[in-house]
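Residues per chain, in single letters:
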Amino acid sequence: QVQLVESGGGSVQAGGSLRLSCTASGLTFGRFCMGWFRQAPGKEREFVAGITRNGGTTGYSDSVKGRFTISRDNTQDTVHLQLNSLKAEDTALYYCAADACLWRAEVRTTTTQYDYWGQGTQVTVSS
């Protein structure tokens, strides 16, 4: 049974930082592209960042580029999302997702491309 468990969310003031983690089990982690999405109340789930199987390629939404950094540790079956310079509009429930992708696959940016999802971790930024 595949499980993705997010952690690291919390409440911070604008300008602050958080580090989200997602630990996977029940799958061969190195064979999966990973992504982070977020969903604010009343809004659709949106792509935040993605990373390929070996971590060689990353992608970001325009709204977080330059502030967030995605990384992965295939020895620990974990993907991280470093959130810096947080803004009130970053407030959302953040989800980790996994896609059984090919070795040469590009970064996945849409919800339909991902096979498995975590339960989410809440990030709240106060201005």
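Predicted model only: the values in this text are computed from it and were never measured. (Residues numbered from 1 in each chain as written. Predicted model: local features only at pLDDT ≥ 70, side-chain atom pairs only at ≥ 80, totals over all residues. Heavy atoms only, no water.)

1. Some points on the overall build of the chain
Here is step 1: When you go through the chain residue by residue, the secondary structure sums to zero helices and eleven strands.
Here is step 2: Moving toward the C terminus, one meets the helices and strands of the chain in the order β-β-β-β-β-β-β-β-β-β-β.
Here is step 3: If one aligns the C-alpha atoms of the chain with their principal axes, the spans along those axes are about 40 × 30 × 25 Å.
Here is step 4: Looking at the chain residue by residue over its 127 residues, the buried ones come to 43%.
Here is step 5: When the accessible surface of the chain is summed, it comes to about 6,600 Å², and 43% of that surface belongs to carbon and sulfur atoms.
Here is step 6: Averaging the positions of the 12 positive and the 11 negative side-chain charges in the chain gives two centres separated by 4 Å. (Helix = DSSP H or I, 4+ residues; strand = E, 2+ residues; numbered from the N terminus. Buried < 20%, exposed > 50% of the residue type's maximum accessible area, 1.4 Å probe, protein only. Areas by Shrake-Rupley, 256 points an atom, 1.4 Å probe, with all protein chains shown as cover. Lys, Arg positive; Asp, Glu negative; His and termini not counted. Charge placed at Lys NZ, Arg CZ, Asp CG, Glu CD.)

2. With respect to the state of the cysteines
Here is step 1: Summed over all chains, the structure comprises two disulfides.
Here is step 2: Here C22 pairs with C96 through a disulfide, and the sulfurs are 2.1 Å apart. Here the disulfide of C22 and C96 is left-handed, its torsion about the S-S bond being about -75°. Here C22, found in strand β3 (residues 18-25), pairs with C96, found in strand β9 (residues 92-100); they are 74 residues apart in sequence, far enough to count as distant. In this pair, the class of C22 matches that of C96, namely buried.
Here is step 3: In this model C33 forms its disulfide with C101; the gap between the sulfur atoms is 2.0 Å. The sign of the 90° torsion about the S-S bond sets the C33-C101 disulfide as right-handed. Of this pair, C33 sits in strand β4 (residues 32-39) while C101 is found in the loop between β9 and β10 (116-117), placing the two residues 68 residues apart along the sequence. The pair formed by C33 and C101 is uniform in burial state, with each residue classed as buried. (Disulfide = S-S within 2.5 Å.)

3. Points about the sheet that holds strand β7 (residues 68-73)
Here is step 1: What the four strands build is an open sheet, ordered β1-β3-β8-β7; its pairing is antiparallel. Two strands lie at the open edges of the sheet, namely β1 (3-7) and β7, each paired on one side alone. Ignoring strand direction, the axes of neighbouring strands in this sheet form an average angle of 15°.
Here is step 2: Taken together, the six bridges between β7 and strand β8 (residues 78-83) define a ladder with antiparallel strand orientation. Across the sheet, the residue bridging to F68 is L83, located in β8. (Pairing = 2+ DSSP bridges. Axes fitted to C-alpha atoms, helices over the stretch in contact; angles between N-to-C directions.)

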